[in-house]
Amino acid sequence: MVRIIAVRLTPKASADRIGETRKLSDGEEQLVVYVTAVPDDGKANEAMIGILAKHFNVAKSRLTIIRGQTNRNKLVRIE
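Since the model is a prediction, treat every value here as computed from it, not as a measurement.

About the thresholds
- Residues numbered from 1 in each chain as written.
- Predicted model: local features only at pLDDT ≥ 70, side-chain atom pairs only at ≥ 80, totals over all residues.
- Heavy atoms only, no water.
- Helix = DSSP H or I, 4+ residues; strand = E, 2+ residues; numbered from the N terminus.
- Rg over C-alpha atoms; globule rule 2.2 N^0.38 Å.
- Buried < 20%, exposed > 50% of the residue type's maximum accessible area, 1.4 Å probe, protein only.
- Contact = heavy atoms within 4.5 Å.
- Areas by Shrake-Rupley, 256 points an atom, 1.4 Å probe, with all protein chains shown as cover.
- Lys, Arg positive; Asp, Glu negative; His and termini not counted.
- Charge placed at Lys NZ, Arg CZ, Asp CG, Glu CD.
- Phe/Tyr/Trp six-rings, centres within 6.5 Å; stacked < 30°, edge-to-face > 60°.
- Lys NZ or Arg CZ within 6 Å of the ring centre and 35° of its normal.
- Core = buried A, V, L, I, M, F, W, Y, C linked by side-chain atoms within 4.5 Å.
- Salt bridge = Lys/Arg side-chain N within 4 Å of Asp/Glu carboxyl O.

Novice: I'd like a rundown of the overall build of the protein, residues and numbers included.
Specialist: The number of helices and strands found in the protein is 1 helix and 5 strands. Going residue by residue from the N terminus, the α and β elements of the protein occur as β-β-β-α-β-β. A compact globule built from 79 residues would reach a C-alpha radius of gyration of about 12 Å, and the protein, at 12 Å, matches this within 12%. In terms of principal-axis extent, the alpha carbons of the protein reach across some 30 × 30 × 20 Å. In the protein, buried positions account for 35% of the 79 residues. Contacts in the protein between residues at least 24 apart in sequence constitute 44% of all its contacts with a sequence separation of at least 6. Carbon and sulfur atoms form 45% of the exposed surface of the protein, whose accessible area is close to 5,100 Å². Each charge class in the protein was averaged separately, 14 positive and 9 negative side chains, and the resulting centres sit 2 Å apart.

Novice: Just give me the short version of the packing of aromatic side chains, but keep the residues and values in it.
Specialist: Scanning the entire structure with this criterion turns up 0 aromatic pairs. Of note, R17 hangs over the ring of Y34, and the distance from its end group to the ring centre comes to 4.1 Å.

Novice: So what's going on with the nonpolar core? Residues and values would help.
Specialist: Nonpolar side chains in soluble globular proteins generally cluster together in the buried interior. Residues V33, V35, M48, L52 and V76 are the most contacted members of the largest nonpolar core, which totals 17 residues. Only β1 (3-10), β3 (29-34), α1 (43-56), β4 (63-67) and β5 (73-78) provide two or more residues apiece to this core.

Novice: Describe in detail the pattern of salt bridges, supporting the description with residues and values.
Specialist: Evaluated as defined, the whole model comprises 3 salt bridges. R22 is the partner of E20 in a salt bridge, and the nearest nitrogen-oxygen pair spans 3.5 Å. The closest approach of N and O atoms between R77 and E79, which form a salt bridge, is 3.8 Å. A relative accessible area of 38% means that E79 is categorised as partly exposed.

So, in structure tokens, the structure goes:
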């Protein structure tokens, strides 16, 4: 089953963790993810993928950022 989730990534946080789920103005939900990595050379994205893979109990290779590679707001596909 393929799922698409909206993610708000916060780099340079005090700890790597999954935060709250926010309700956006259009009614969609967005998962907040905090990582200690800096947003340099994709380090924060890699850390986010690792956290999400562990949270959803899937391999990292099954997660893909489909939108927002250089933005805090992302769409991630989980296969």
